[in-house]
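What follows is the residue order along each chain.
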Amino acid sequence: MKAALPMRRLAWALIAIAAAGAAWAAWAPVDWRFSRAFLGNKAAYFALGVASAAIVRDGWARAGGYAAALASALVLGWIEGGAAKLGVPLAWTACLWLQTRAPGALPARLLSSRPMLWLGGVSYPLYLVN
């Protein structure tokens, strides 16, 4: 249980960064805003990934931290771009559910396939290069 506390703190720190970024984007002059590629702008998505570790480790019975991170990501997404920004957190949650609750189902097998694992492995470096 000790390992869960630093992960929970990291997830909340990332949510705080995302909230600060949303506030900055709302109130800062246009010339002072960060570009879309700034990692802090996507901190809510990183928080969701960090909170996912508890689901993978402990299962959905202890998903309170994940639910809070998901709710935060959805609220921040709505603030930043309306309904169009809700797809990523919801799709991530669906994939996480499939991987952990229905591992033998076709979608879960596709997500665990060699090409998908390769795409997952290169997606973050590609994001950084972009």
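From a predicted model like this one, the values you see are computed outputs, not experimental measurements.

Calculation criteria
- Chains are numbered independently. Their residues run from 1 in the order of the written sequence.
- Reporting in this predicted model follows two pLDDT cut-offs: at least 70 for local features of residues, and 80 or more for side-chain atom pairs to be given and counted; totals over whole chains, interfaces and linings ignore these cut-offs and use all residues.
- Calculated side-chain values reflect all of the structure's heavy atoms, with hydrogen atoms and water omitted.
- Numbered from the N terminus, helices here are DSSP runs of H or I no shorter than four residues, and strands are runs of E no shorter than two.
- By definition in these notes, contact holds between two residues if any of their heavy atoms fall within 4.5 Å.
- The protein chains shown are the only cover counted for residues, whose accessible areas, like all others here, come from Shrake-Rupley with a 1.4 Å probe.
- Only protein atoms enter the 1 Å grid, on which a cavity is a set of points fitting a 1.4 Å probe that cannot get out and a pocket is an open set with protein on both sides within 12 Å along at least 5 of 7 lines, lining residues being those with an atom within 4 Å of a point.
- Grid points are joined across faces, edges and corners, and a volume is the space filled by probe spheres set on the points.
- Side-chain classes are defined by residue name, with Ala, Val, Leu, Ile, Met, Phe, Trp, Tyr, Cys and Pro counting as nonpolar, Asp, Glu, Lys and Arg as charged, and the others, Gly among them, as polar.

(A) Looking closely at the overall build of the chain. Summing up its helical and strand segments, the chain has six helices and zero strands in all. When the helices and strands of the chain are read in sequence order from the N terminus, they spell out α-α-α-α-α-α. Dimensions of the chain, computed from C-alpha atoms along their principal axes, come out at roughly 50 × 35 × 25 Å. Summarising the internal contacts of the chain: among those between residues at least 6 apart in sequence, 59% fall at separations of at least 24. With the model as given, the accessible surface of the chain reaches about 8,600 Å², and the carbon-plus-sulfur share is 71%.

(B) Local environment of the layout of surface pockets. Approximately 930 Å³ is the volume attributed to the largest pocket. Elements represented by at least two residues in the lining of the largest pocket include exactly α2 (43–58), α4 (87–101) and α6 (114–129). Broken down by element, the residue count for the lining of the largest pocket peaks at seven residues, all from α6. In terms of residue class, the lining of the largest pocket is built from 15 nonpolar, six polar and one charged. Approximately 620 Å³ is the volume found for the second largest pocket. Lining the second largest pocket are 25 residues, and of these Arg-36, Asn-41, Lys-42, Glu-80 and Lys-85 lie nearest its centre. Breaking the lining of the second largest pocket down by element, the ones donating at least two residues are α1 (4–27), α2 and α3 (64–81). The residue inventory of the lining of the second largest pocket, partitioned by class, reads 14 nonpolar, six polar and five charged.

Such coordinate-based values are descriptive only and should not be taken to indicate function.
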